[in-house]
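Now for the letters of each chain:
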Amino acid sequence: MLIDHFPLIGLRITTPRLQLRLPDAEELAALADVAADGVHDPAYMPFRIRWTELPPAERARSVVLHHWSLLGQWTPRSWKLPLTVFHESGPVGMQMLKATDLAVTAECATASWLGRRHQRQGIGAEMRGAVAHLAFTHLGATDLVSGAFTDNAPSLGVSAKLGYAHDGIERHDDQGRLRVIRRLRLTRQAWLERDRPPVTVEGLARCLPLLGLTEMQASDQDHPDTTG
């Protein structure tokens, strides 16, 4: 069975409203349709890579190709996990968790997008909170990093809600004009000090080798809710 070769397809992260997991082929097509319907106000570009400027059909295809490319380049040393976010049984966006040399660095990073029709409902914070739980409780991470343009109020608001702290800036040339990214860092200690909705993780144990971890490296005695 495919799960025997790539057990990450059995990973499930569940919050009160959402489930995050890898999609099957038809669910990936539905996620691509969400992107085609729009991800943000056309007057504002929140992403460094301007993929959302593509025409709807090409934008949808880019979602499919990007998903496949990330899984195709997977190694235990360096990986990017593009989880589809499901709300009320349908896909609404993508939440990525990524790391390089996780067993040594103990640091993960995130990236995400959410269909425009599903924004302003608290889903963005809930889906990032879900992967924060995965990273801190189940993968032995001590730090979670992110970033957003300084004028991207929704993304910065999610980070503030979850307890991220300022971690410097990056300056970028965006079609001939300066744009500044605010780097953000959430430590495990800061995450533990905040109220968090319940999150369950299923199917993780057999995924650990693909994430570059042993069971001992991923274990966390302070959080007995770990599930395999």
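The structure this text deals with has already been given above.
For every chain, the first residue of the written sequence is number 1, and numbering continues from 1 onward in sequence order. The predicted origin of the model limits local features to residues at a pLDDT of at least 70 and limits the giving and counting of side-chain atom pairs to 80 or more, whereas totals for whole chains, interfaces and linings rest on all residues. Hydrogens and waters are ignored; side-chain quantities use all the structure's heavy atoms.

Q: What's the story with the side chain of Asp174 in this structure? I'm lost.
A: The way it works is that DSSP assigns letters per residue, a run of H or I at least four long becomes a helix, a run of E at least two long becomes a strand, and they are numbered from the N terminus. Tracing the backbone shows Asp174 in strand β7 (residues 165-174). Buried residues are those whose accessible area, probed at 1.4 Å on protein chains only, stays under 20% of the maximum for their type, while exposed residues exceed 50% and partly exposed ones sit between those limits. The exposure class assigned to Asp174 is buried, which follows from its relative accessible area of 9%. The contact criterion used is simple: two residues touch if any of their non-hydrogen atoms lie within 4.5 Å. In contact with Asp174, other than residues within four places in its own chain, are Arg50 and Arg179.

Q: How do you make sense of unusual backbone geometry when you look at a structure like this?
A: A negative phi angle characterises most non-glycine residues, just as the trans form characterises most peptide bonds. For Ser89, which is not a glycine, the phi torsion comes out positive at approximately 75°. Phi at Ala106 is positive, roughly 55°, even though this residue is not glycine. Tracing the backbone shows Ala106 in the loop between α4 (102-105) and β5 (107-114).

Q: For this particular structure, what's the right way to read the packing of aromatic side chains?
A: Aromatic rings in a pair are described by how distant their centres are and how their planes are angled relative to each other. A pair of Phe, Tyr and Trp rings is counted when the ring centres sit within 6.5 Å of each other, with Trp represented by its six-membered ring. The angle between the planes then sorts it: under 30 degrees is stacked, over 60 is edge-to-face, the rest tilted. By the definition in use, this model includes five aromatic pairs. Where Phe6 meets Trp74, the ring centres are 5.9 Å apart and the plane angle is 85°; that geometry is what we call edge-to-face. You can see Phe6 sitting in the loop between α1 (2-5) and β1 (12-14) and its partner Trp74 sitting in the loop between α3 (56-72) and β3 (78-87), a full 68 residues away along the chain. For Phe6, a relative accessible area of 16% puts it in the buried group. An angle of 25° between the planes, with centres 5.8 Å apart, marks the rings of Phe47 and Trp51 as stacked. A single burial state applies to Phe47 and to Trp51, both of which are buried.

By themselves, these are just geometric observations and shouldn't be taken as functional.
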